[in-house]
Amino acid sequence: MAAADGKLRWLCPFTKSVFPARRRLRLDPSSSLYFPYEPGKQAKSAVKIKNTSKSYVAFKFQTTAPKSCYMRPPGGILTPGESLIATVFKFIEQPENNEKPIVDQKTKVKFKIISLKVKEGTDYVPELFDEQKDQVTIERTLKVMFLDPERPSPALDKLKLQLAQAEAAATEADKKPPVDTGPKVVGEGLIVDEWKERRERYLAKQQVEAVDSVVKQ
């Protein structure tokens with residue numbers, strides 16, 4: 001029995017290292033973010049996030065392309081069983097050197113959603129994840145996929161439905177009395193303003209290049 005106990009004691013830490021941390025959130029879609037492929041325009045995608053745990057959970061978006069993407073909301077806290085539809089914005093640049101459109105193919109751009117168990121009444125700030133790094137779980141890594149907006153598909157229909165639901169929820173939220181959300185509003189505003197500035201500089205550059213091309217002709 002002692003030998004058996006010793007074996008069990010040796011297996012326990014090994015078992016913990018093999019099995020991944022249990023996910024707290026369920027995402028829909030679960031592996032990709034779909035965007036209508038419209039070069040030169042701001043495209044929108046959506047993902048439904050549901051807290052499937054019995055605890056309060058903070059979540060946060062991360063992306064490999066912060067210069068061309070932003071999320072609304074970029075993070076937040078969900079009560080047990082609560083869900084929301086997050087909207088993801090991405091500016092799609094014009095293809096260069098006669099490159100073929102990358103429709104129906106996954107791109108190099110990725111989004112990561114991380115989560116953290118928090119206490120009831122906790123205010124959301126991005127620094128929560130830095131303060132408790134050892135408790136953070138990577139929920140999913142979503143790859144960006146472009147869809148042909150002119151070609152009907154189940155993925156495109158689902159995206160339109162989720163975007164409509166997200167818009168309806170945002171409209172309903174606007175009707176409620178304003179709530180002081182502190183750093184969250186400021187942080188989100190800064191992200192949006194910075195993204196808009198980058199987009200405006202890009203469009204201005206495109207216009208200058210177009211004028212130069214005409215002049216050279």
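Residues numbered from 1 in each chain as written. Predicted model: local features only at pLDDT ≥ 70, side-chain atom pairs only at ≥ 80, totals over all residues. Heavy atoms only, no water.

A. Geometry of the nonpolar core. Grouped together as the largest cluster of nonpolar side chains are 24 residues, with contacts concentrated most on Leu 25, Val 47, Ile 49, Phe 61 and Phe 111. Counting only elements with at least two residues in this core, the list comes to β1 (25-28), β2 (32-36), β3 (42-51), β4 (56-63), β5 (69-72), β7 (83-91), β8 (106-118) and β9 (137-147). Discounting residues that sit within four places of it in the chain, Leu 25 has contacts with Ile 49, Lys 50, Asn 51, Thr 52, Val 57, Phe 59, Leu 78, Ile 113, Ser 115 and Glu 139. Of all hydrophobic cores here, the second largest spans seven residues; its members include Leu 116, Val 118, Leu 128 and Phe 129. (Core = buried A, V, L, I, M, F, W, Y, C linked by side-chain atoms within 4.5 Å. Buried < 20%, exposed > 50% of the residue type's maximum accessible area, 1.4 Å probe, protein only. Helix = DSSP H or I, 4+ residues; strand = E, 2+ residues; numbered from the N terminus. Contact = heavy atoms within 4.5 Å.)

B. Local environment of the packing of aromatic side chains. Applying the stated criterion across every chain, the model contains four aromatic pairs. Seen in terms of ring centroids, Tyr 70 and Phe 89 are 4.6 Å apart; in terms of plane orientation they differ by 10°. Their pairing is stacked. Taken together, the residues Tyr 70 in strand β5 and Phe 89 in strand β7 connect sequence positions 19 residues apart. The pair Tyr 70 / Phe 89 is uniform in exposure class, with both members buried. (Phe/Tyr/Trp six-rings, centres within 6.5 Å; stacked < 30°, edge-to-face > 60°.)

C. Examining the pairing of β3 more closely. The sheet contact formed by β1 and β3 spans four bridges and is antiparallel. Bridged to Asp 28 within β3 is Lys 48. Where β3 meets β7, nine bridges bridge the pair, whose relative direction is antiparallel. By the bridge assignment, Ser 45 is partnered in β7 with Val 88. (Pairing = 2+ DSSP bridges.)

D. Spatial organisation of the side chain of Lys 60. With respect to the helices and strands, Lys 60 occurs in strand β4. Of the side chains bearing the opposite charge, Asp 130 lies closest to the buried Lys 60, which forms no salt bridge; the N-O distance is 5.2 Å. Other than its neighbours up to four places away in sequence, Lys 60 contacts Pro 74, Gly 75, Lys 112, Ile 113, Ile 114, Tyr 124, Pro 126 and Phe 129. (Lys, Arg positive; Asp, Glu negative; His and termini not counted. Salt bridge = Lys/Arg side-chain N within 4 Å of Asp/Glu carboxyl O.)

E. Region of interest: the environment of Asn 51. Mapped onto the elements of the fold, Asn 51 is located in strand β3. Asn 51 sits in the buried class, given a relative accessible area of 1%. Once residues within four sequence positions are removed from consideration, Asn 51 is found in contact with Arg 24, Leu 25, Tyr 56, Val 57, Leu 78, Thr 79, Pro 80, Gly 81 and Glu 82. A polar atom in the side chain of Asn 51 sits 2.7 Å from the side chain of Ser 53. (Polar contact = N/O pair within 3.5 Å; in protein donor to acceptor, adjacent residues only side chain to side chain.)

F. Focus on the sheet that holds β5. Reading across from one edge, β1-β3-β7-β5 is the order of the four strands in this open sheet, with antiparallel pairing throughout. Here the strands that pair on one side only, and so sit at the sheet edges, are β1 and β5. Taking each pair of neighbouring strands and ignoring which way they run, the sheet shows an average axis angle of 25°. Bridge count for β5 against β7 is four bridges, and the pairing is antiparallel. Residue Met 71 lies in a different strand from β7, and its bridge partner there is Val 88. (Axes fitted to C-alpha atoms, helices over the stretch in contact; angles between N-to-C directions.)

G. Structural detail: helix α3 (residues 154-175). Between its terminal C-alpha atoms α3 stretches 32 Å, which fits the 32 Å expected from 22 residues at 1.5 Å a residue. Regarding α3, the residues found buried are Leu 156, Leu 159, Gln 162 and Ala 166. Mapping the buried residues of α3 onto a view down its axis gives an arc of 125°, with all of them on the same face. Facing away from the buried side of α3 by more than 90 degrees, the exposed set consists of Pro 154, Lys 160 and Lys 175. Its buried side turned inward, α3 meets β1, β2, β3, β7 and β9. (Expected span 1.5 Å × (residues − 1). Arc of directions from axis to C-beta.)

H. Seen up close, the environment of Tyr 56. For Tyr 56, the location among the structural elements is in strand β4. For the pair Tyr 56 and Gly 121, spaced 65 residues apart in sequence, the C-alpha to C-alpha distance is 8.9 Å. Apart from the residues within four sequence positions on either side, Tyr 56 is in contact with Asn 51, Ile 77, Leu 78, Thr 79, Pro 80, Leu 116, Lys 117, Val 118, Lys 119 and Glu 120. There is a polar contact of 3.5 Å between the side chain of Tyr 56 and the side chain of Glu 120.

I. Seen up close, the environment of Thr 87. Within the secondary structure layout, Thr 87 lies in strand β7. Look at Thr 87 and you get buried, because its relative accessible area is 6%. Not counting chain neighbours up to four residues away, the residues in contact with Thr 87 comprise Lys 44, Ser 45, Tyr 70, Met 71, Arg 72, Leu 163 and Ala 166.

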